[in-house]
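Survey of secondary and tertiary structure
Each chain, written out:
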Amino acid sequence: MGLKCGIVGLPNSGKSTLFNALTGAGVRMDTFPFTTVDPNVGVVEVPDQRLKKIAELVRTPKVTPATVHFVDIAGLVKGASEGEGLGNAFLSHIRGTDLIVHVVRCFADEDIPHLMGQPNPHRDIEVIELELFSSDLEVVERRLEKVEVLVRKGVKDVSHEVDVLRALRDHLSRGERPPQEVIRELPSDLHIITALPVIFVANVSGKDEEAQWVESLSDEAQRRDAPLVTINAKLEWELSDMEPEERKEFMAAYEIPFSGVEELSGAAYKLLDLITFYTHAGGKELRAWPVKRGTTAVKGAGMIHSDFEKGFIRAEVIAYNDFISAGGEHGAREKGFVKTVGRDYLIQDGDIITFKTR
């Protein structure tokens, strides 16, 4: 499962700085709109202390952590849904993501002008959301026109889709995010941006005056029932460029308890209700696999290879705590910690799984 997060926000909100902090990709930085014409994609390892402890016991030559793909998309401006700025070319990039990371500027800097004067989280969020609602409404209306033609021709199988699309259109017309009961019924090929979960990022620089903007953004996030992560993107970028030991010493010296980047990855996992299972096939590779909570063993096997799902026989599972306490797989087998499960077993967070296939 490739988790894909789209980073969005107004120009000069700090999106590309955050992207650099996440990926160390060295994306071009300028203080004018549309620096990011094409989306930049970076793959970020998910911090995982369990993986490190398993690796100490398994000792495979290759360790592959779970990853998150972050897509840095060009700054969105008022009128984008009607072609302003990069218009719908920009919005099409968002439709391919699993969730939105909405970077909101909560810092003042004369060298990096805000397009509308001072930061104002409520206003800045509304500018972005208005364009997303407008774009989605256009997509839904086009689809509805096509499906209603089929209904008039007597095609019965699409009547339910018409009802769902009309309900969705009504919500979008009122500037409302579609409720879950509508989202669950959406056609799988209809990628609605406003149906995606959102994480708000307050981009700060550490000045006292910024507290008012962070508080305002916190209120907005709570109103939308969305998580909020506060990050000093510029500092995080500098941290990402340090050697591990230097970074550790710097964070200790300035009493930085944890990286905002790590918090963001964790928030994305939690928001999408993802868990991690592990495999160490043939002693060659230890790998972490992110899956939706409630994924069955047979579907987990299919993530590794489609042939594994087709030829699934059973799976052997060791819970993480049992694996560690027993000193690895051999000890776990001696102590009877290995469970044999069938295709319908629900994978648990931290499971170490060996799939048996035909």
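Up top is the structure these notes are about.
Residues numbered from 1 in each chain as written. Predicted model: local features only at pLDDT ≥ 70, side-chain atom pairs only at ≥ 80, totals over all residues. Heavy atoms only, no water.

1. Concerning the overall build of the protein chain
What the protein chain contains, in helices and strands, is 14 helices and twelve strands. Buried residues in the protein chain amount to 47% of all 358 residues. Partitioning the intrachain contacts of the protein chain with sequence separation of at least 6 by distance along the chain shows that 69% fall at a separation of at least 24. Just so you have it, the protein chain exposes about 18,400 Å², and 48% of that area is on carbon and sulfur atoms. Taking the 43 positively charged and 57 negatively charged side chains of the protein chain as two groups, their mean positions are separated by 8 Å. (Helix = DSSP H or I, 4+ residues; strand = E, 2+ residues; numbered from the N terminus. Buried < 20%, exposed > 50% of the residue type's maximum accessible area, 1.4 Å probe, protein only. Contact = heavy atoms within 4.5 Å. Areas by Shrake-Rupley, 256 points an atom, 1.4 Å probe, with all protein chains shown as cover. Lys, Arg positive; Asp, Glu negative; His and termini not counted. Charge placed at Lys NZ, Arg CZ, Asp CG, Glu CD.)

2. Things to note about the layout of surface pockets
Its boundaries defined by the atoms lining it, the largest pocket holds a volume of some 880 Å³. Forming the walls of the largest pocket are 32 residues, and the residues nearest its centre are E45, P47, K52, R247 and E262. Within the residue set of the lining of the largest pocket, elements represented by two or more residues are α1 (15-23), β2 (40-45), α2 (49-58), α8 (233-240), α9 (244-253) and α10 (260-271). Ranked by the residues each element gives to the lining of the largest pocket, the list is headed by α9, at five residues. When grouped by side-chain class, the residues that make up the lining of the largest pocket number 17 nonpolar, seven polar and eight charged. (1 Å grid on protein atoms, 1.4 Å probe; cavity = no way out; pocket = protein on both sides within 12 Å on 5 of 7 lines; lining within 4 Å. Points joined across faces, edges and corners; volume = space filled by probe spheres on them. Nonpolar A, V, L, I, M, F, W, Y, C, P; charged D, E, K, R; others polar.)

3. Structural notes on α2
For α2, every residue scored as buried is listed here: L51, I54 and V58. Down the axis of α2, the buried side of the element spans an arc of 65°, and every buried residue falls inside it. Pointing more than 90 degrees away from the buried face of α2 are the exposed residues Q49, K52 and E56. Check the buried side of α2 and you find it contacts β3 (62-64), β8 (274-281), β9 (285-292), α13 (320-325) and β12 (352-357). At the N-terminal end of α2, a side-chain oxygen is found 3.0 Å from the backbone nitrogen of R50, two or three residues along, and the residue is D48. (Arc of directions from axis to C-beta. Polar contact = N/O pair within 3.5 Å; in protein donor to acceptor, adjacent residues only side chain to side chain.)

4. Regarding a negative patch on the surface
There is a patch of like negative charges on the surface, built from E238, D241, E243, E245, E246 and E249. No other element matches the three residues that α9 contributes to the negative patch. Looking at where E249 falls in the secondary structure, it is placed in helix α9. (Patch = residues over 30% accessible without salt bridge, like charges linked within 9 Å, V, L, I, M, F, W, Y side chains within 5 Å. Salt bridge = Lys/Arg side-chain N within 4 Å of Asp/Glu carboxyl O.)

5. Comments concerning the nonpolar core
By size, the foremost hydrophobic cluster in this structure holds 39 residues, and its most contacted members are L18, F70, V101 and L264. Discounting chain neighbours no more than four positions away, the residues touching V101 are C5, G6, I7, V8, L18, F70, I199, V201 and L264. (Core = buried A, V, L, I, M, F, W, Y, C linked by side-chain atoms within 4.5 Å.)

6. A closer look at the packing of α1 against α8
Contact pair α1 / α8: the axes reach a minimum separation of 8 Å and the direction vectors enclose 30°. Relative to α8, α1 is oriented roughly parallel. Considering the relative orientation of α1 and α8, their crossing is left-handed. Within the contact between the two elements, α1 uses T17, L18, N20 and A21 and α8 uses A233, K234, E236, W237 and S240. Split by residue class, the contact of α1 with α8 holds four nonpolar, three polar and two charged. (Axes fitted to C-alpha atoms, helices over the stretch in contact; angles between N-to-C directions. Parallel < 35°, antiparallel > 145°, perpendicular 65-115°, else oblique. Left-handed = near helix turned anticlockwise from the far one by under 90°.)

7. Here's the deal with the pairing of strand β10 (residues 312-318)
Burial analysis of β10 places five of its seven residues in the buried class, the great majority of the element. Of the strand pairs in this sheet, β10 and β12 are connected by six bridges, and their pairing is antiparallel. Note on β12: the bridge partner recorded for F312 is T357. Pairing of β10 with strand β11 (residues 339-341), which is carried by three bridges, proceeds in the antiparallel orientation. Bridge pairing in β11 links V317 to K339. (Pairing = 2+ DSSP bridges.)

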